[in-house]
Amino acid sequence: MAQVVGNPGSGDSRRRAWPWVLAIIFAAAFFAATVAWVRAVLARQDLAGRLAIEGARLKREAEALRLERDAAEAAQGTTEGRLARDGFRSVAARQALERGRALAESGRVGEGLFWMARALEYSPPDDENLRRIIRMNLDAWPSWMARLEDDRSFQGDARLSPDAQVVAASEKGGPVRSFRVSDWQTFGPDLPTGTYPVAFSADGRHLLVGTRDGSRVQAWDTAAGTPAGPSIDLPEKWGFRSFSPDGSLIAAASDGEMRVIRVADGGDVGPPTTGLDAPVFVAFAPDGRRAVVTHRGEGRWITLTGKPSTGHPSDVTALKTTLPNRRVVFEPAGRYFAAWGGHWVFSTYDPHDMRLLRSYKPRSRVELTGLAVSRDGRRIASIDIDGWVQLWDESTGEEESPPFRVPRKTGSPQVYFGPDERELVILNENVAERWLLADRLAEGPPLPPMDRIDETPPIIESGDATWEARSLDRGSVSTVRLSPAAGGAKIELGGRILGTSGDGSLLMVLDRSQKPPVVRVHCFAGGVAVGLPLPHGNGCQRAAVSNDGARAATGEGRLLRLWDLGSGRAARPAIRKEAPISAMAYSPDGNLLIVGDDSGEVRLHDASDGTPVGGPIRLVAVGDFPFPVAVRRVAFDPDGRTFDAAGLGSGRRKRRTPRPMEGNAAAILRRVSALTGLEFDAADQIVQMDAERWRELRRSR
């Protein structure tokens, strides 16, 4: 008998239940998704509503601000309206001043001056302190830029004499005439019509003139206006000619050949030098015994016989560069020569072995067209095809100053040092310009360098007492003594002397008897502390106080702190310098503070808020190898018109103290335009002025 196991109908029941279970699950998921969607829609609607409410609130606040501004503008005659308007103007003026200073610090001094002039226009009439700071910067910063002094246009090519005092220029269809660089007036006799100037001799007595096709040249005596030798015929395309230093020889080069020719009779000095692969330039060395010719990146010494020199280690020596089309300019004493051409980099070489000394890389990175070496050989000036001029320190290879741009540029401009080393003469095809280089407020002849720190006790006179204090520069003295004439009494100050006022009536003393240490101001008249103590740390090394005792400055490492002695509080947050502060002094009127540091930087600051006035001045050692030296002394003259800064062995020169530039904003803006050749266009952008308008504006000034 068979046995039945389980419920025969249970499997069918379970199979029939599965669809209902799945339906319920899908329904629950659909319901949950629907609820989530509804919640998201409601949340978005709520967010949109809140945003609309917030937007309406912001709109109401903006409208209220607009109405408040309109009310302030409408209330120009009321105190509230004037204060609101002046507040806006002060902010705009300070922003324009900071923008101008930033541009000037980066080397774009002309544009910076324009923004400073705009800051003066924005500034409130009754904010005398702000307007004084702006006007002093307008007076100071032009000394940090090259300035076009004057110019002269010619109808043809022009050449400059080696002493940079005479320009010889050809007139179209007319003779070659000489012009004095100092006033651009013609002088001396005219030279032959239909020629153009080629080159001056080193002494400036002879001028080589040539025909336009380059087939004939002749040397002329510039003073007498007579030929110095016969006419010399040359094959076509002999485009590079130069005088020997004594003016007795001419070197001429062409494709594959170079000749050395006597000026007196036109005869060759030995046979031509051949085998030169497309020479592009030839120049005599300052000693006059050799000439260097460059071709396809190579340099070759040539003796005056016209053959490669023998027994010299650089008969045929590469200039260690692959740059083609090299040109050469010698340092006047022959210590080095600079080579350039076809590229934006130039280099200096030792003429004895053609060894590379240093390479220079101008900022503009476009093709150079000219180089000049100063008479002492310490500076090199470069100019490129876009008219950017840059000065270099030959001993370090670094920029001496930021580049400036010649506004008018046509062809290949050339640069030369002028009769005064502070000037550059730039020839731009048919235009000659005389530029005054940045002098950084310098005036008068250089002073003897400071070769030691004076250890003798300085005598300080103040009122009815005369005081002696030892070596304030060392900062280690804690006593002062009356001079014998005043009784000879000795007074303990209870701290280390940090500095004095300009007139010697006040002493700054670091008092460590308190914790933390404080800086006190002592009056010489009674030897007692005056004013409130200034909280300070042990790191305070230098200090200065104004003559009226209202302001003080302290140096703690690299931090410059300004103080209001009336309240004993800092006048502003500390100013960080590049190096530890080593010297400081106030001007007699108390409006300027001069600060020097261990890096050799000297800067003027406005005494009220620390705003820099003008750019930095660097002190360097006097000698064959200039290097920065730490500043040890800074001081204003008693009348405040000049100041002096010195370090051990540094060069010194009296420098002009900036004064607020006079005139209204419109007159100052015209003065800046005449100085820089820039102007604002219709879109309020700074653009270069038309050359003729700039010339007329300068002449009218």
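Everything here concerns the structure above.
The numbers attached to residues start from 1 for each chain and follow its sequence in the written order. Residue-level local features of this predicted model are given only where pLDDT is at least 70; pairs of side-chain atoms are given and counted only at 80 or more, and the full residue set underlies all totals for whole chains, interfaces and linings. Side-chain metrics in this entry use all non-hydrogen atoms of the structure; hydrogen atoms and water are not considered.

### Observations regarding the side chain of Ser 201
So, point 1. For the purposes of this entry, the term helix denotes a DSSP run of H or I that reaches at least four residues, the term strand denotes a run of E that reaches at least two, and both are numbered from the N terminus. Note that Ser 201 resides in the loop between β6 (195-200) and β7 (206-211).
So, point 2. Owing to a relative accessible area of 0%, Ser 201 belongs among the buried residues under this scheme.
So, point 3. Engagement of the side chain of Ser 201 in a polar contact is seen with the side chain of Asp 203, the distance being 2.6 Å.
So, point 4. Side-chain atoms alone can form a polar contact between residues adjacent in sequence; in general such a contact is a pair of N or O atoms within 3.5 Å, and within protein one must be able to donate a hydrogen while the other accepts it. Within the local environment of Ser 201, its side chain forms a polar contact with the backbone nitrogen of Arg 205, the two atoms lying 3.5 Å apart. Burial status follows relative accessibility: with a 1.4 Å probe on protein chains alone, a residue under 20% of its type maximum counts as buried, one over 50% as exposed, and anything between as partly exposed.

### Regarding the environment of Ala 438
So, point 1. In this structure, Ala 438 sits in the loop between β29 (431-436) and β30 (459-462).
So, point 2. Whether two residues touch is decided by their heavy atoms; if any such pair falls within 4.5 Å, the residues are in contact. If near-sequence neighbours (up to four positions away) are discounted, Ala 438 is found in contact with Ser 143, Trp 144, Met 145 and Ala 146.

### Examining a nonpolar patch on the surface
So, point 1. Together, Trp 18, Val 21, Leu 22, Ile 25 and Phe 26 make up a nonpolar patch on the protein surface, roughly 550 Å² of accessible area in all.
So, point 2. On the secondary structure map, Leu 22 appears in helix α1 (residues 10-74).
So, point 3. Overall, Leu 22 belongs to the partly exposed group, its relative accessible area being 42%. Candidates for patches are residues over 30% relative accessible area with no salt bridge; among them, like charges are joined within 9 Å and nonpolar side chains (Val, Leu, Ile, Met, Phe, Trp, Tyr) within 5 Å. Only the protein chains shown count as covering a residue, and every accessible area follows the Shrake-Rupley method with a 1.4 Å probe. Throughout this description, the term salt bridge denotes a Lys or Arg side-chain nitrogen within 4 Å of a carboxyl oxygen of Asp or Glu.

### A short note on the packing of helix α3 (residues 109-122) against helix α5 (residues 665-676)
So, point 1. Note on geometry: axes are lines fitted to C-alpha atoms, helical ones only across the stretch in contact, with angles between N-to-C directions running from 0 to 180 degrees. Packing of α3 against α5 brings their axes to within 9 Å, and their N-to-C directions diverge by 175°. Judged by the inter-axis angle, α3 sits roughly antiparallel to α5. Between α3 and α5, the contacting residues are Gly 110, Leu 113, Phe 114, Ala 117, Leu 120 and Glu 121 on the first element and Ala 665, Ile 668, Leu 669, Val 672, Ser 673, Leu 675 and Thr 676 on the second.
So, point 2. For this classification, Asp, Glu, Lys and Arg are treated as charged, while Ala, Val, Leu, Ile, Met, Phe, Trp, Tyr, Cys and Pro are nonpolar and the rest, including Gly, are polar. Split into classes, the residues belonging to the contact of α3 with α5 amount to nine nonpolar, three polar and one charged. Oblique is the label for every angle not falling under 35 degrees (roughly parallel), over 145 degrees (roughly antiparallel), or within 65 to 115 degrees (roughly perpendicular).

### A word on the sheet that holds strand β23 (residues 368-373)
So, point 1. Paired strands, as defined in this entry, are two strands with at least two bridges between them according to DSSP. Overall, antiparallel pairing links the four strands, which are arranged β23-β24-β25-β26 in an open sheet. Of all strands in the sheet, those with a lone pairing partner are β23 and β26 (398-405), marking the two edges. The average undirected angle you get between the axes of adjacent strands in this sheet is 15°.
So, point 2. Pairing of strand β24 (residues 379-384) with strand β25 (residues 388-393), which is carried by five bridges, proceeds in the antiparallel orientation. Residue pairing for β25: Ile 383 is matched across the bridge by Val 389.

### Quick notes on the pattern of salt bridges
So, point 1. Going through the model one piece at a time under the given rule, you end up with 25 salt bridges.
So, point 2. Between Glu 98 and Arg 101 there is a salt bridge, and its shortest N-O distance comes to 3.2 Å. Note that Glu 98 and Arg 101 are positioned in helix α2 (residues 79-105) at a spacing of three residues, about one turn of the helix.
So, point 3. Using a relative accessible area of 41% as the deciding quantity, one classes Glu 98 as partly exposed.
So, point 4. What emerges from the salt-bridge pattern is a single network uniting Glu 98, Arg 101, Glu 105 and Arg 603.

### Quick word on α5
So, point 1. Every helix has an expected span of 1.5 Å times one less than the residues it contains. Helix length check: α5, at twelve residues, gives a terminal C-alpha distance of 16 Å against a target of 16 Å (1.5 Å per residue), a fit within 8%.
So, point 2. All of the buried residues along α5 are Ala 667, Ile 668, Val 672, Ser 673, Ala 674 and Thr 676.
So, point 3. Elements in contact with the buried residues of α5: α3, α4 (128-140), β50 (678-680), β51 (686-688) and α6 (691-700).
So, point 4. Where α5 starts, the residue carrying a side-chain oxygen 3.3 Å from the main-chain nitrogen of Ala 666 turns out to be Asn 664.
So, point 5. Residue Gly 677 follows α5 closely and has a positive phi angle near 75°.

### Topic: the environment of Pro 533
So, point 1. Residue position: Pro 533 is located in strand β37 (residues 529-535).
So, point 2. For Pro 533 and Arg 520, which are 13 residues apart along the polypeptide, the C-alpha to C-alpha distance reads 5.0 Å.
So, point 3. When sequence neighbours within four positions are dropped, the list of residues in contact with Pro 533 reads Val 518, Val 519, Arg 520 and Gly 568.

### Thoughts on the side chain of Ser 546
So, point 1. You can see Ser 546 is positioned in the loop between β38 (540-545) and β39 (551-556).
So, point 2. Residue Ser 546 is classed as buried on the basis of its relative accessible area, which comes to 1%.
So, point 3. For Ser 546, the side chain forms a polar contact with the side chain of Asp 548, separated by 2.6 Å.
So, point 4. Not counting chain neighbours up to four residues away, the residues in contact with Ser 546 comprise Ser 501, Leu 506, Arg 551, Tyr 586 and Gly 590.

### Considering the nonpolar core
Where a protein is soluble and globular, its nonpolar side chains tend to be buried together.
So, point 1. Throughout this description, the term nonpolar core refers to a set of buried Ala, Val, Leu, Ile, Met, Phe, Trp, Tyr and Cys residues connected via side-chain atoms within 4.5 Å. Formed by 44 residues in total, the largest nonpolar core has its most connected members in Leu 113, Leu 138 and Ile 594.
So, point 2. Here the element with the most residues in this core is α3; it accounts for eight residues.
So, point 3. Every residue in contact with Ile 594, bar those within four places of it in the chain, is listed here: Ala 583, Met 584, Ala 585, Val 602, Arg 603, Leu 604, Val 634, Phe 636 and Phe 643.
So, point 4. Ala 372, Leu 391, Val 415 and Ala 674 belong to the second largest nonpolar core, which has 19 residues in total.

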